[in-house]
Amino acid sequence: MSKVIVHADKATAAKAVAATIRDLITAKAKASQAAVLGLATGSTPLPLYAELVRLHREEGLSFRNVVSFNLDEYEGLSGDHPQSYRYFMEQNLFRFIDIRRENTHVPAGISADAARTCADYEAAIVSAGGIDLQVLGIGRTGHIGFNEPPSALSSRTRRVHLDEVTRRDNSVFFGELSLVPHGALTMGVATIMDCRQVELLAFGTGKAEIIRKTLQTQPSADCPASWLQNHARCTFHLDPEANALL
Ligand code: PGA
């Protein structure tokens, strides 16, 4: 059963999730182990990344023992494309902290063999020992990562077709709709369900209806985030606006 926490605002939510991540990294470092984080892109995690940067700069939190796996990448964009998720992570988090670049993973948006790239991504997660904590946003379609409806509970990292709602929502970053790729590579629902802990963030009135659907309808492929109802350790961090219809 998922837990829901309604925070005063998104800054408070971001601080709470950042503190959870700090505690995980610290506990793992004490045990001389790597902390394996699953990371997300979009507007939602930006205050979280700002808080992680602050913890690094002002409180000495080190990311030297962190391994990261991002959820997804646009198909056809290289890592130095300003709209790629590799670039997003570099600009909003990696360049401000001491994470080793070789420990950061984002699916390759350009590859000769996408199926191979996806299988290798799954294998890399397994060989890192699995993901300890996955950060998630949620799309208005109910997607987590780029698992658009319908996405089966058993789905793994794969090539997907983006929903037109998602392409329109993300076109603000590209300047115009025609520039938004039609495809992406994304961790699957099963990949996300395998993460030992999931922290989902959703802010604003635009997310209220999909949060209601996610938590109050029977889990199904039609709303991929709804599968999280069956995750053993998943917390939804909402602001009052995203919580409005619960
Ligand atoms: P957003 O996207 O954070 O930009 O709202 C969330 C998502 O699509 O997962």
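Residues numbered from 1 in each chain as written. Predicted model: local features only at pLDDT ≥ 70, side-chain atom pairs only at ≥ 80, totals over all residues. Heavy atoms only, no water.

Student: Can you help me understand the sheet that holds strand E3 (residues 66-70) in this one?
Tutor: Strand pairing in a sheet takes place through backbone hydrogen bonds and is either antiparallel or parallel in direction. The strand order E1-E10-E9-E6-E2-E3-E5 describes an open sheet built from seven strands, whose pairing is parallel. Every other strand in the sheet has two partners, leaving strand E1 (3-6) and strand E5 (104-105) as the edge strands with one partner each. As paired elements, strand E2 (residues 35-39) and strand E6 (residues 133-136) share two bridges and run parallel to each other. Looking at the pairing, leucine 37 lines up with leucine 133 of E6. (Pairing = 2+ DSSP bridges. Helix = DSSP H or I, 4+ residues; strand = E, 2+ residues; numbered from the N terminus.)

Student: Is there a simple way to explain the site of the ligand in this structure?
Tutor: In the vicinity of the ligand, the residues found are Gly42, Ser43, Thr44, Gly137, Ile138, Gly139, His143 and Lys207. Serine 43 is positioned with one of its backbone polar atoms (N or O) 3.0 Å from an oxygen atom of the ligand. Between the ligand and the protein, one listed contact pairs an oxygen atom with a side-chain N or O atom of histidine 143 at 2.6 Å. Surface burial for the ligand is 80%, taken as the share of its 280 Å² of free accessible area covered by protein chains. Residue composition of the shell around the ligand, grouped by class: one nonpolar, six polar and one charged. (Near = heavy atom within 4 Å. Polar contact = N/O pair within 3.5 Å; in protein donor to acceptor, adjacent residues only side chain to side chain. Areas by Shrake-Rupley, 256 points an atom, 1.4 Å probe, with all protein chains shown as cover. Nonpolar A, V, L, I, M, F, W, Y, C, P; charged D, E, K, R; others polar.)

Student: Before we go on, may I ask you to explain the sheet that holds strand E4 (residues 72-74) in this structure?
Tutor: The strand order across the open sheet built from three strands is E4-E8-E7, with neighbouring strands paired in antiparallel fashion. Across the chains shown, the open sheet's two edge strands, defined by having one partner strand only, are E4 and strand E7 (158-161). The mean angle between the axes of side-by-side strands here comes to 30°, regardless of whether they run parallel or antiparallel. (Axes fitted to C-alpha atoms, helices over the stretch in contact; angles between N-to-C directions.)

Student: How do you make sense of the nonpolar core when you look at a structure like this?
Tutor: The tendency in soluble globular proteins is for nonpolar side chains to be buried side by side. Among the nonpolar cores identified, the biggest contains 67 residues, and Ile21, Leu48, Tyr49, Leu52, Leu93, Leu200 and Leu228 are the most heavily contacted of them. When residues in this core are grouped by element, the largest group, seven residues, is from helix H1 (residues 10-30). (Core = buried A, V, L, I, M, F, W, Y, C linked by side-chain atoms within 4.5 Å. Buried < 20%, exposed > 50% of the residue type's maximum accessible area, 1.4 Å probe, protein only.)

Student: Explain the pattern of salt bridges to me, please; I cannot follow it from the model alone.
Tutor: Pairs can form between side chains of opposite charge whenever their charged atoms are close. This structure, assessed with the given rule, holds 15 salt bridges. A salt bridge links arginine 140 to aspartate 169; the shortest N-O distance between them is 2.8 Å. Placement of the pair is arginine 140 in the loop between E6 and E7 and aspartate 169 in helix H5 (residues 164-174), with a sequence separation of 29 residues. By relative accessible area, which is 27% here, aspartate 169 ends up partly exposed. (Salt bridge = Lys/Arg side-chain N within 4 Å of Asp/Glu carboxyl O.)

Student: How should I be thinking about helix H7 (residues 208-216) in this particular structure?
Tutor: Of all the positions in H7, only Ala208, Ile210, Ile211, Thr214 and Leu215 are classed as buried. Taken down its axis, H7 places every buried residue within 165° of arc, on the same side. In the core, the buried residues of H7 are packed alongside E1, strand E9 (198-202) and strand E10 (234-238). (Arc of directions from axis to C-beta. Contact = heavy atoms within 4.5 Å.)

Student: Which parts of the structure should I look at to understand the packing of aromatic side chains?
Tutor: How two aromatic rings sit relative to each other is set out by the distance from centre to centre and by the angle between their planes. Counted by the stated rule, this structure contains five aromatic pairs. Between phenylalanine 69 and tyrosine 121 the ring centres are 5.7 Å apart and the planes differ by 85°, which places this aromatic pair in the edge-to-face class. Placement of phenylalanine 69 in strand E3 and of tyrosine 121 in helix H4 (residues 114-127) is noted, with a sequence separation of 52 residues between them. Here phenylalanine 69 matches tyrosine 121 in class, with each residue buried. Taking the centre distance of 5.5 Å and the plane angle of 50° together, the rings of tyrosine 74 and phenylalanine 146 count as tilted. Remark: phenylalanine 146 occurs in the loop between E6 and E7 and tyrosine 74 occurs in strand E4; sequence separation between them is 72 residues. In this pair, the class of tyrosine 74 matches that of phenylalanine 146, namely buried. Chaining the aromatic ring pairs together yields one cluster made of Tyr74, Tyr85, Phe146 and Phe174. (Phe/Tyr/Trp six-rings, centres within 6.5 Å; stacked < 30°, edge-to-face > 60°.)

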